[in-house]
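What follows is the residue order along each chain.
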Amino acid sequence: SPHPAPPQPPGRGLARRGLLPQSPRSGAGAAGLVQVTVMLVGDSGVGKTCLLVRFKDGAFLAGSFISTVGIDFRNKVLTVDGVKVKLQIWDTAGQERFRSVTHAYYRDAHALLLLYDVTNKASFDNIQAWLTEIHEYAQRDVVLMLLGNKVDSAQDRVVKREDGEKLAKEYGVPFMETSAKSGLNVELAFTAIAKELKHRSMKLPNEPKFKLHDYVKKEVRGSGCCRS
Ligand SMILES: Nc1nc2c(ncn2[C@@H]2O[C@H](COP(=O)(O)OP(=O)(O)OP(=O)(O)O)[C@@H](O)[C@H]2O)c(=O)[nH]1
Ligand SMILES: [Mg+2]
């Protein structure tokens, strides 16, 4: 393009944030690597740690609830359209007393998974407050997705799927229901984010623009139909 890119304020932009693929190493078919940071947020007990453990290890932490202290992180590499995307996933503490700790991390997150618990109305009602906080502390172009977790607990459900869909639509964020217990849509949530960030960072000239909303709509599975 003959037009120079508009200047970016310091600290903003994918290149400054380490999102540009590393130059391919020599060797046939060596692929670039995209490194991204994903942060899990939402009330204490909604299942952030369990969602991460399900994604990372394919297991469910049943039994006693060990509330996260401060912040924890895990890495996982996904291959998206032939490109390795290294996700560094930050698991934040939902408890109020750690809020000032997590505020400091928003700035460096490329994507946020905002969770509520479909069996806990208060966690759903707090989503607005979380969005306000995200607006205040996160990057303007952060990739955001709303997740209604614990859909395996059909008997205890108090937040309807349509309520989640409606709220997500109001705020223009993609939405899906998940279960760390059954695994429903867990891989999908992280894959969708990895795809979006990979497309943003590589901008291949002949590649059609990736549409996160459409991808999620097409790929999402309902709690009624599937086991995982
Ligand atoms: N049935 C069911 N229980 C879940 C699910 N995910 C988490 N839980 C349970 O909910 C409780 C809280 O899960 P955590 O993942 O520790 O919650 P958290 O959001 O990390 O909480 P904080 O670290 O305090 O912010 C635990 O007892 C889990 O076993 C799920 O998908 N289904
Ligand atoms: Mg936790």
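Please refer to the structure placed before this passage.
Being a predicted model, the structure only gives us computed values, none of them experimental. (Residues numbered from 1 in each chain as written. Chains lettered and ligands numbered in written order. Predicted model: local features only at pLDDT ≥ 70, side-chain atom pairs only at ≥ 80, totals over all residues. Heavy atoms only, no water.)

The final tally for this structure, using the stated rule, is eleven salt bridges. The partner of glutamate 196 in a salt bridge is arginine 200, and the shortest N-O contact between them spans 2.9 Å. Note that glutamate 196 and arginine 200 are positioned in helix α6 (residues 186–202) at a spacing of four residues, about one turn of the helix. In this structure glutamate 196 comes out as buried when scored by relative accessible area, which is 10%. Its relative accessible area of 25% is what places arginine 200 among the partly exposed residues. Bridged by salt links that share partners, the residues Arg157, Arg161, Glu165 and Glu177 form one connected network. (Salt bridge = Lys/Arg side-chain N within 4 Å of Asp/Glu carboxyl O. Helix = DSSP H or I, 4+ residues; strand = E, 2+ residues; numbered from the N terminus. Buried < 20%, exposed > 50% of the residue type's maximum accessible area, 1.4 Å probe, protein only.)

In a beta sheet, neighbouring strands are held together by backbone hydrogen bonds and run either parallel or antiparallel to one another. Judged by pairing direction, the sheet is mixed, and its six strands sit side by side in the order β2-β3-β1-β4-β5-β6 without closing on themselves. Two strands in the sheet have a free side with no partner beyond their single neighbour: β2 (71–80) and β6 (175–177). Each strand axis lies, on average, 25 degrees off the axis of its neighbour in the sheet, ignoring direction. Relative to strand β4 (residues 111–117), strand β1 (residues 33–41) is paired through four bridges, and the arrangement is parallel. What sits directly across from leucine 40, in β4, is leucine 113. Against the sheet, helix α4 (residues 127–137) engages β1, β4 and β5 (143–149), with an angle of about 165 degrees to β4. With respect to the sheet, α6 is in contact with β1, β2, β3 (83–92), β4, β5 and β6, its orientation differing from that of β5 by roughly 175 degrees. (Pairing = 2+ DSSP bridges. Axes fitted to C-alpha atoms, helices over the stretch in contact; angles between N-to-C directions. Contact = heavy atoms within 4.5 Å.)

Around ligand 1 sit 23 residues in total, of which Ser44, Lys48, Ser67, Gly94 and Asp152 are the nearest. Residue serine 67 places a side-chain N or O atom 2.4 Å away from an oxygen atom belonging to ligand 1. Taking 650 Å² as the accessible area of ligand 1 by itself, protein coverage stands at 91%. Among the elements that make up the shell around ligand 1, the one with the highest residue count is helix α1 (residues 48–57) (three residues). Within the shell around ligand 1, the residues separate by chemical class into seven nonpolar, eleven polar and five charged. (Near = heavy atom within 4 Å. Polar contact = N/O pair within 3.5 Å; in protein donor to acceptor, adjacent residues only side chain to side chain. Areas by Shrake-Rupley, 256 points an atom, 1.4 Å probe, with all protein chains shown as cover. Nonpolar A, V, L, I, M, F, W, Y, C, P; charged D, E, K, R; others polar.)

The next point concerns the packing of aromatic side chains. Inspection of the entire model under this criterion finds six aromatic pairs. Taking 6.5 Å as the distance between ring centres and 0 degrees as the angle between the ring planes, the aromatic pair formed by tyrosine 116 and phenylalanine 175 counts as stacked. You can see tyrosine 116 sitting in strand β4 and its partner phenylalanine 175 sitting in strand β6, a full 59 residues away along the chain. For the pair shown, tyrosine 116 and phenylalanine 175 are each scored as buried. An aromatic cluster of three or more residues is present, and its members are Tyr116, Phe124 and Phe175. In this structure, lysine 76 is placed above the aromatic ring of phenylalanine 55, and the distance from its NZ or CZ to the ring centre is 4.6 Å. (Phe/Tyr/Trp six-rings, centres within 6.5 Å; stacked < 30°, edge-to-face > 60°. Lys NZ or Arg CZ within 6 Å of the ring centre and 35° of its normal.)

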